[in-house]
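# Observations on the model geometry
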Protein chains: 2
Amino acid sequence: MKGNVDYSLYLCTDRGLMTSPTIEDSVEQALKGGATVIQLREKDCSSREFYELALRVKAITQRYNAPLIINDRVDIALAVDADGVHVGQSDLPCAAVRAIMGPDKIVGVSASSLEEAVQAQKDGADYLGVGAMYATSTKDDAEIVSMDELKAIRRTVDLPIVVIGGINARTIPNFKHMGIEGIAVVSAIVAQADVEGAARALLKLWKD
Amino acid sequence: MKGNVDYSLYLCTDRGLMTSPTIEDSVEQALKGGATVIQLREKDCSSREFYELALRVKAITQRYNAPLIINDRVDIALAVDADGVHVGQSDLPCAAVRAIMGPDKIVGVSASSLEEAVQAQKDGADYLGVGAMYATSTKDDAEIVSMDELKAIRRTVDLPIVVIGGINARTIPNFKHMGIEGIAVVSAIVAQADVEGAARALLKLWKD
């Protein structure tokens, strides 16, 4: 799985924004529409609830042959044998995560500066989530990354890059000639009335 | 470390209740007073903050040759190479924790019934935290365990048992002839003006 991940349309879940009755339903609709990676993010439930949800979501992502990445919680990722984990700058350090997860799992890191991006590559990250590219209601305290910073990261770092933060049909064209691997989306998919249709439309916009 | 743990005076930290300016100070005072096990419990900080705190606390527990147990977060325990982890019934299942932690780390489980205690033993737990023995402000939604249930658990399960929940100088005598290995304490140590003195007095009361 790790060697040939398609980062084109990277979906992050958000229980608070989704229109679907369940995370599982939201994820399955997004996968039907073409989402290529699923990141499961839960901040306000018990470890047991997160674990049981992750097991149910993994059963879905496996059917669609899409990698399941767990946000922050390396223990949940290990317990459900997820494909990987994604850590931000206030989560466990990348080097510690790599040591725990071993060489075969995907480790992604959020970077909002060239310095963080270079450090993540040094510490064994497999891909970068760069953002927030725009102010967004999903994470309203996130630092904004300029296009120049994104270009500098792209020039300097060899890892696959997905951009995140305010990515939607209106902003996707800005990233089409940046040499990056994919777009990471939250509300532009999970908060839409037609989750599957939204995923399909974003993927088409990105790939065309 | 795992083979010969002294469970006599098991301290759980609680940032909200402590009188000391820092967790590190509270832990060191308790160790000076004779605490034999330290469980670090943090629910409201980032993974990075928990990790960095755990590293600092581990440096202290090592000086006192006392095991450091991390509450709930198996990933933090692995990242700092703690001596073990403690999980409740709403954390990761014991069997999953054992699989992640390997055979050499301490895995403790909270049990409030004979059924949970037997299951924990079956799933590879190293010790049990049985409680809440009394209603307590630390965990006001905890199920209360009767003395009869505690006796049944003691008769049925071979693991070391510590009791928790409302354990203090007044209640310790109730547990002295129950065949259990130790007492687990939160506010009766960390919320006291003299943390070291409180730990010393409780240990003496328990051992005499």
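Residues numbered from 1 in each chain as written. Chains lettered and ligands numbered in written order. Predicted model: local features only at pLDDT ≥ 70, side-chain atom pairs only at ≥ 80, totals over all residues. Heavy atoms only, no water.

This part covers the pattern of salt bridges. Scanning the model with the defined rule gives 26 salt bridges over all chains in all. For Glu24 of chain B, the salt bridge goes to Arg56 of chain B, with nearest N and O atoms at 2.6 Å. Of this pair, Glu24 of chain B sits in helix α1 (residues 23-33) while Arg56 of chain B sits in helix α2 (residues 47-63), and the two are 32 residues apart along the sequence. You can call Arg56 of chain B partly exposed: its relative accessible area is 43%. Across the pair Lys105 of chain B and Asp81 of chain B runs a salt bridge, and its minimum N-O distance is 2.5 Å. With Lys105 of chain B in the loop between α4 (94-101) and β5 (106-111) and Asp81 of chain B in the loop between α3 (74-79) and β4 (84-87), this residue pair connects regions lying 24 residues apart in the sequence. Residues participating in the shared-partner salt-bridge network are Arg73 and Asp75 of chain A together with Arg73 and Asp75 of chain B. (Salt bridge = Lys/Arg side-chain N within 4 Å of Asp/Glu carboxyl O. Helix = DSSP H or I, 4+ residues; strand = E, 2+ residues; numbered from the N terminus. Buried < 20%, exposed > 50% of the residue type's maximum accessible area, 1.4 Å probe, protein only.)

With that settled, the discussion passes to the relation of the copies chain A and chain B. If you rotate chain A by 180° and push it 0.0 Å along the axis, it lands on chain B with an RMSD of 0.0 Å. Taken together, the rotation angle and the small translation identify this as a two-fold axis. It is Asp75 of chain A whose C-alpha, among those of chain A, lies nearest the rotation axis, at 2.3 Å. Interface overlap between copies: 100% of the residues of chain A at the interface are likewise at the interface in chain B, consistent with a symmetric, same-surface contact. (Least-squares fit on C-alpha atoms with pLDDT ≥ 70 in both. Contact = heavy atoms within 4.5 Å.)

Each side of the interface is counted separately: chain A has 19 residues, and chain B has 19 residues. A combined buried area of about 1500 Å² lies between chain A and chain B, and 62% of that area is made up of carbon and sulfur atoms. It is Arg48, Asp75 and Leu92 of chain A that lose the most area in chain A upon contact with chain B, and together they represent 34% of the buried surface on that side. Arg73 of chain B serves as the salt-bridge partner of Asp75 of chain A, at 4.0 Å between the closest nitrogen and oxygen. The interface formed by chain A and chain B contains 12 residue pairs in polar contact (both at pLDDT 80 or more). Elements represented by at least two residues in the side of chain A that touches chain B include exactly α2 (47-63), α3 (74-79) and α4 (94-101) of chain A. (Buried area = accessible area lost by both parts, 1.4 Å probe. Polar contact = N/O pair within 3.5 Å; in protein donor to acceptor, adjacent residues only side chain to side chain.)

With that out of the way, let us pick up helix α8 (residues 195-207) of chain B. All names here are of chain B. With 13 residues, α8 should reach 18 Å at 1.5 Å per residue; the first-to-last C-alpha distance of 18 Å fits that figure. What α8 keeps buried is the set Val195, Glu196, Ala198, Ala199, Leu202, Leu203 and Trp206. Angular distribution of buried residues about the axis of α8 spans 165°; they occupy a single face of the element. Those residues of α8 that are buried lie in contact with β1 (9-12), α1, β8 (182-185) and α7 (187-190). (Expected span 1.5 Å × (residues − 1). Arc of directions from axis to C-beta.)

What follows is about unusual backbone geometry. Residues and elements named next belong to chain A. With an omega dihedral of 5°, the bond running from Gly131 to Ala132 counts as a cis peptide bond. As for its position among the elements, Ala132 is in the loop between β6 (127-130) and α6 (147-156). The phi torsion at Asn65 lies on the positive side, around 55°, for a residue other than glycine. Here Asn65 lies in the loop between α2 and β3 (68-71). Asn65 sits in the exposed class, given a relative accessible area of 63%. One non-glycine residue with positive phi stands out, namely Asp72, at about 70°. Turning to its location among the elements, Asp72 is positioned in the loop between β3 and α3. Here Asp72 falls in the buried class, since its relative accessible area comes to 6%.

For chain A, per-residue confidence averages 96 on the pLDDT scale, and residues scoring 70 or more make up 98% of the total. If you check the scores for this complex, the pTM reads 0.96 and the ipTM reads 0.94. (pLDDT = per-residue confidence, 0-100.)

Residue and element names in this part refer to chain B. Mapped onto the elements, Ala54 comes out in helix α2. It is 18 Å that separates the C-alpha atoms of Ala54 and Val186, two residues lying 132 residues apart in sequence. Aside from chain neighbours lying at most four places away, what touches Ala54 is Leu40, Leu68, Ile70, Ile76 and Val80.

A separate point is the state of the cysteines. Using the criterion set out here, one finds 0 disulfides over all chains in the structure. No disulfide involves Cys94 of chain A; its nearest neighbouring cysteine sulfur is the one of Cys12 of chain A, lying 17 Å away. (Disulfide = S-S within 2.5 Å.)

Time to look at the side chain of Ser47 of chain B. Structurally, Ser47 of chain B is set in helix α2. A distance of 2.9 Å separates the side chain of Ser47 of chain B from the side chain of Arg73 of chain B, its partner in a polar contact. Excluding residues within four positions of it along the chain, Ser47 of chain B makes contact with Asp72, Ser90, Asp91 and Leu92 of chain A together with Arg73 and Ile76 of chain B.

Tracing the sequence through the fold places Trp206 of chain A in helix α8 (residues 195-207). With sequence-adjacent residues up to four places away left out, Trp206 of chain A is seen in contact with Ser8, Ile172, Phe175, Lys176, Ile180, Glu181, Gly182 and Ile183 of chain A.

Residues in a regular strand project their side chains so that they alternate between the two faces of the sheet. All names here are of chain A. With burial as the criterion, each face of β3 is covered, one bearing Leu68 and Ile70 and the other bearing Ile69 and Asn71. Once the chain exits strand β2 (residues 37-40) it traverses α2 before rejoining the sheet at β3, and the crossover so formed is right-handed. At this point the chain moves from β3, through α3, to the parallel strand β4 (residues 84-87), and the crossover so formed is right-handed. (Right-handed = clockwise from strand over helix to strand, strands pointing away.)

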